[in-house]
Amino acid sequence: MNVEAQKSRGLGYALPTLLAAGAVGALGLLRERFQRSRLFLPDRFPNGIWEPSGYGVPATDVWFHSEDGVELHAWWIPHRRARGTLLYCHGNSGSIADRVGVFRHLRRLRMNLFAFDYRGYGRSDGTPSEKGLFLDVRAAWDHLTGVLEQPAERVVLFGHSLGGAVAVDCALDRRPAGLVIQSSFTHVRDMARAVFPNLPVFLIARQQFRSIDKVGRLALPKLFIHGESDETVPYALGRQLFEAAAEPKEFFAVPRAGHNDVHRHGGLRYMLRLSRFCARCLSAAAAA
């Protein structure tokens with residue numbers, strides 16, 4: 001066989017491998033693009049409102065450490081007539097400093113608020129990951145019920161969007177009085193399908209956040225809330241997550257609401273639904 005024939009034959013053997021490697025590389029780029037654009041979009045200090053007391057949110061800075069040593073930052077927002085405490089898990093973007101308006105609304109529930117930033121967000125150290133966020137919420141829970149001495153049976157977990165998946169995972173081995181899951185999804189692969197309907201990004205999504213495999217194991221009271229016009233997490237995914245959940249559970253749909261304005265579109269009905277849910281959870285926990 002002459003040299004040119006050998007080169008041609010070698011190229012023929014190598015071409016499928018090169019094509020396969022190129023395809024995997026392209027999918028990897030899509031995966032990274034999806035995760036950067038949809039999963040972790042933190043804002044860092046000093047972006048945002050870091051002196052919320054001027055907006056009616058009397059927050060005190062709190063510092064604590066996750067199990068793997070990452071230093072985390074939170075706000076303790078007490079209510080002088082509190083009947084319980086909300087442990088708030090925010091979504092994938094920004095930080096607690098971007099949610100002062102949300103906290104003002106939630107204070108109307110007559111609940112203390114403990115809002116923390118995941119690793120890599122706000123003033124918290126580290127880099128976000130699925131495993132890391134699950135460690136962070138447990139550290140927040142342990143600090144709230146330990147150092148801050150808030151009884152577990154008086155704590156309601158509240159998770160918005162990605163924070164819904166974080167709160168669901170925490171409820172597997174902690175014992176809150178109830179769980180609010182707002183504008184959240186089934187798992188990341190379903191989100192990838194929704195964002196890239198014509199591309200198989202979902203096949204290689206690294207982060208999973210598989211809430212749909214967990215909600216069926218949670219026997220505590222659960223309130224699912226979703227905006228009917230959610231442009232980020234399809235309403236259908238919120239309903240699917242609710243359908244997979246164990247009883248007791250309830251679903252509250254908010255007409256015209258998108259992903260981040262549920263509290264505004266929901267108005268008084270939204271606040272009443274939340275207030276009644278929290279009251280039932282706290283009463284049931286006290287009677288148990």
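Note that this is a predicted model, so its numbers are computed, not measured.

**Concerning the overall build of the protein**
Next, step 1: Scanning the protein from terminus to terminus reveals 7 helices and 10 strands.
Next, step 2: Residue burial in the protein is summarised as follows: out of 288 residues, 51% are buried.
Next, step 3: In the protein, the proportion of contacts linking residues at least 24 apart, taken out of those at least 6 apart, comes to 72%.
Next, step 4: If you sum the accessible surface of the protein, you get close to 13200 Å²; carbon and sulfur atoms cover 52% of it.

**Digging into the packing of helix 3 (residues 130-145) against helix 4 (residues 162-171)**
Next, step 1: Following both chains from N to C, one finds helix 3 and helix 4 inclined at 65°, their axes separated by 9 Å at the closest point. Every pair of crossing elements has a handedness; the one defined by helix 3 and helix 4 is right-handed. On helix 4, the residues that touch L133, F134, V137, R138 and W141 of helix 3 are L162, A165, V166, D169 and C170.
Next, step 2: Looking at the contact of helix 3 with helix 4 residue by residue, the class counts come to 8 nonpolar, no polar and 2 charged.

**Some thoughts on the sheet that holds strand 7 (residues 155-160)**
Next, step 1: Taking strand neighbours across the sheet as the criterion, the 8 strands line up as 2-3-6-4-7-8-9-10 in an open arrangement whose pairing is mixed. One side of each edge strand has no neighbouring strand; the edge strands of this open sheet are strand 2 (60-65) and strand 10 (249-254). Across the sheet, the mean angle from the axis of one strand to that of its neighbour is 20°, orientation sign disregarded.
Next, step 2: When strand 8 (residues 178-182) meets strand 9 (residues 222-227), the two strands line up parallel, connected through 4 bridges. Note on strand 9: the bridge partner recorded for L179 is K222.
Next, step 3: Here helix 4 sits on the sheet in contact with strand 4 (85-89), strand 7 and strand 8, set at roughly 145° to strand 7.
Next, step 4: Relative to strand 10, helix 7 (residues 262-287) is tilted by about 165°, and along the sheet it contacts strand 4, strand 7, strand 8, strand 9 and strand 10.

**Details of the nonpolar core**
Next, step 1: F64, L87, F114, F116, L179, F185 and F209 are the most contacted members of the largest nonpolar core, which totals 48 residues.
Next, step 2: By size, the runner-up hydrophobic cluster in this structure holds 32 residues, among which are A177, I225, V254 and M271.

**Some thoughts on the pattern of salt bridges**
Next, step 1: Inspection of the entire model under this criterion finds 12 salt bridges.
Next, step 2: When the shortest N-O distance is used, the salt bridge between R138 and D169 registers 2.8 Å. Of the two residues, R138 sits in helix 3 while D169 sits in helix 4, which places them 31 residues apart along the sequence. Taken as a pair, R138 and D169 share a single burial class, namely buried.
Next, step 3: Sharing partners across several salt bridges, the network here consists of R138, D142, D169, D173, R174 and K214.

**Observations regarding the packing of aromatic side chains**
Next, step 1: Counted according to the given criterion, the structure contains 14 aromatic pairs.
Next, step 2: Look at F40 and F209: their rings are 6.4 Å apart centre to centre, the planes differ by 65°, and that puts the pair in the edge-to-face class. Of this pair, F40 sits in the loop between helix 1 (3-39) and strand 1 (41-42) while F209 sits in the loop between helix 5 (188-195) and strand 9, and the two are 169 residues apart along the sequence. As far as burial versus exposure is concerned, F40 and F209 are alike and both buried.
Next, step 3: Each ring, one from Y88 and one from F103, has its centre 5.3 Å from the other, and the planes form 90°; the classification is edge-to-face. Residue Y88 is located in strand 4, and its partner F103 is located in helix 2 (residues 100-106); the two are separated by 15 residues in the primary sequence. In this structure, Y88 and F103 share a single accessibility class: buried.
Next, step 4: These aromatic residues form a ring-pair network of at least three members: F45, W50, W75, Y88, F103 and F158.
Next, step 5: Taking NZ or CZ as reference, R239 lies 4.5 Å from the ring centre of F251, over its face.

**Description of the side chain of H79**
Next, step 1: Locating H79 in the fold gives a position in the loop between strand 3 (71-77) and strand 4.
Next, step 2: Engagement of the side chain of H79 in a polar contact is seen with the backbone nitrogen of R81, the distance being 3.0 Å.
Next, step 3: Once you skip the residues sitting within four places of it in the chain, H79 turns out to touch R107, R110, M111 and N112.

Definitions and cut-offs
- Residues numbered from 1 in each chain as written.
- Predicted model: local features only at pLDDT ≥ 70, side-chain atom pairs only at ≥ 80, totals over all residues.
- Heavy atoms only, no water.
- Helix = DSSP H or I, 4+ residues; strand = E, 2+ residues; numbered from the N terminus.
- Buried < 20%, exposed > 50% of the residue type's maximum accessible area, 1.4 Å probe, protein only.
- Contact = heavy atoms within 4.5 Å.
- Areas by Shrake-Rupley, 256 points an atom, 1.4 Å probe, with all protein chains shown as cover.
- Axes fitted to C-alpha atoms, helices over the stretch in contact; angles between N-to-C directions.
- Left-handed = near helix turned anticlockwise from the far one by under 90°.
- Nonpolar A, V, L, I, M, F, W, Y, C, P; charged D, E, K, R; others polar.
- Pairing = 2+ DSSP bridges.
- Core = buried A, V, L, I, M, F, W, Y, C linked by side-chain atoms within 4.5 Å.
- Salt bridge = Lys/Arg side-chain N within 4 Å of Asp/Glu carboxyl O.
- Phe/Tyr/Trp six-rings, centres within 6.5 Å; stacked < 30°, edge-to-face > 60°.
- Lys NZ or Arg CZ within 6 Å of the ring centre and 35° of its normal.
- Polar contact = N/O pair within 3.5 Å; in protein donor to acceptor, adjacent residues only side chain to side chain.

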